[in-house]
Amino acid sequence: MKAARLPLLVLAAILLAAMLGPALLPWRYDAIDWSTVRGGPLVDGHLLGTDSVGRDLLARTLVGTRITLAVAIAAAAVALVIGVAWGAIAGWCGGRIDEAMMRIVDALYALPFMFVVILLMVLFGRSILLVFLGIGAVEWLTMARVVRAEVLTLKARPFVLAAEAAGAGPATIVRGHILPNLAGVAIAYLLLTIPQVVMVESFLSFLGLGVQEPLTSLGILVKDGADDMDIAPHALLLPGGILVLILVCLTAAGERLRDALAR
């Protein structure tokens, strides 16, 4: 855990700024200042300037960071629940049930996940709830494989065999012995799942299929910044830099925690 401390501290600082920062600014993220359109930094109280319709860039970046992290965490939680349940059942039952369940996972791996998510957005609307449910529903496959492999290992451990010999039922063993020993591995791979979800959400928002106005996200801000890159490069560099920093910190924390648990 010590190796993952610095990335987690950086993430905590970003999350704290995203949660508290908008309340400390004089401009709301959706307020339009008609007198300052595409204004530069420090113009009329806008610390980082305004966008193409006069909205404060700093406020929108902080709120966009909050929305992106919220969607990513919620979608990763959906993937965690589905992946742990699927992998634990497959690993514990074994035999034909395990074979059938993992062949389903293999088949789902062959599907173009981005196409599936985009199809869900088109068919059922573009609400933020559907965004994280749709992303989470297609990001659980790796978690299921990891959990299954860990359950197969834990089934052969002496404490599980002792619990079976003592007459404990499958539900008791899974709840009392298997799941607690899966927690560290699940958390490590959860931290590795969140960056994937962040990238998927940002890409969908960049295409206009993710978070919708008046809300914003880092993907929307990167798209808007790319449109104005020639006249306002900071509008792209700020949300893009925060997005890269979040991805690097989450990946580093997850990999270090995974390596620490593997020792």
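Up top you'll find the structure we're talking about.
Chemist: Just to check I follow, could you spell out the nonpolar core for this structure?
Modeler: Buried together is how nonpolar side chains tend to be arranged in soluble globular proteins. I135, V147, V151, I178 and I246 are the most contacted members of the largest nonpolar core, which totals 51 residues. Within the residue set of this core, elements represented by two or more residues are α1 (5–24), α2 (57–93), α5 (128–136), α6 (141–155), α7 (158–165), α8 (170–207), α9 (218–227) and α10 (234–262). At 13 residues, α2 tops the list of elements feeding residues into this core. Excluding its chain neighbours within four sequence positions, the residues that come into contact with V147 are G83, V84, G87, A88 and L182. Residues A79, M102, V105 and W140 belong to the second largest nonpolar core, which totals eight residues.

Chemist: Whenever I open this one, the packing of aromatic side chains confuses me. Can you help?
Modeler: Each aromatic ring pair is characterised by the separation of its centres together with the angle its planes make. One pass over the structure, following the stated rule, counts one aromatic pair. Measuring from ring centre to ring centre gives 5.3 Å for W86 and W140, while their planes differ by 50 degrees; the resulting arrangement is tilted. A residue pair is termed long-range when its members are at least 10 positions apart, and W86 in helix α2 and W140 in the loop between α5 and α6 qualify at 54 residues.

Chemist: Hey, could you run me through the packing of α6 against α8 in this one?
Modeler: Working note: a packed helix pair is described by the angle between its axes plus the distance between those axes. Contact geometry for α6 and α8: axes closest at 10 Å, N-to-C directions at 155 degrees. Here α8 runs roughly antiparallel to α6, going by the angle between their axes. Considering how the two elements wind past one another, α6 and α8 form a crossing that is right-handed. Where α6 approaches α8, its residues M143, V146, V147, E150, V151 and L154 are matched on the opposing element by I178, N181, L182, V185, A186, Y189, L190 and T193. Residue classes in the contact of α6 with α8 are distributed as 11 nonpolar, two polar and one charged.

Chemist: Sorry if this is basic, but what is going on with the side chain of R55 here?
Modeler: Relative to the helices and strands, R55 is located in the loop between α1 and α2. Owing to a relative accessible area of 14%, R55 belongs among the buried residues under this scheme.

Chemist: Can you help me understand the pattern of salt bridges in this one?
Modeler: Any two side chains of opposite charge can pair, on the condition that their charged atoms come close. Counted by the stated rule, this structure contains four salt bridges. Put simply, R148 and D98 hold a salt bridge, and the shortest N to O gap is 2.7 Å. Here D98 lies in helix α3 (residues 95–109) and R148 lies in helix α6, a separation of 50 residues in the sequence. The class for R148 is partly exposed, based on a relative accessible area of 23%. Looking at D98, the relative accessible area reads 8%, which means it is buried. Linking E99 and R103 is a salt bridge whose minimum nitrogen-to-oxygen distance equals 2.6 Å. In this pair, E99 and R103 are both assigned in helix α3, four residues apart and thus about one turn of the helix distant. Counted as one network, the salt bridges with shared partners bring together E99, R103, D106 and R145.

Chemist: I'm lost on the packing of α2 against α9 in this one. Help?
Modeler: Running from amino to carboxyl end, α2 crosses α9 at an angle of 140 degrees, the nearest separation of the two axes being 8 Å. Judged by the inter-axis angle, α2 sits oblique to α9. On the side of α2, the interface is formed by R60, T61, G64, T65 and T68, while α9 contributes L218, I220, L221 and D224.

Reading the values: the criteria
- Residues numbered from 1 in each chain as written.
- Predicted model: local features only at pLDDT ≥ 70, side-chain atom pairs only at ≥ 80, totals over all residues.
- Heavy atoms only, no water.
- Core = buried A, V, L, I, M, F, W, Y, C linked by side-chain atoms within 4.5 Å.
- Buried < 20%, exposed > 50% of the residue type's maximum accessible area, 1.4 Å probe, protein only.
- Helix = DSSP H or I, 4+ residues; strand = E, 2+ residues; numbered from the N terminus.
- Contact = heavy atoms within 4.5 Å.
- Phe/Tyr/Trp six-rings, centres within 6.5 Å; stacked < 30°, edge-to-face > 60°.
- Axes fitted to C-alpha atoms, helices over the stretch in contact; angles between N-to-C directions.
- Parallel < 35°, antiparallel > 145°, perpendicular 65-115°, else oblique.
- Left-handed = near helix turned anticlockwise from the far one by under 90°.
- Nonpolar A, V, L, I, M, F, W, Y, C, P; charged D, E, K, R; others polar.
- Salt bridge = Lys/Arg side-chain N within 4 Å of Asp/Glu carboxyl O.

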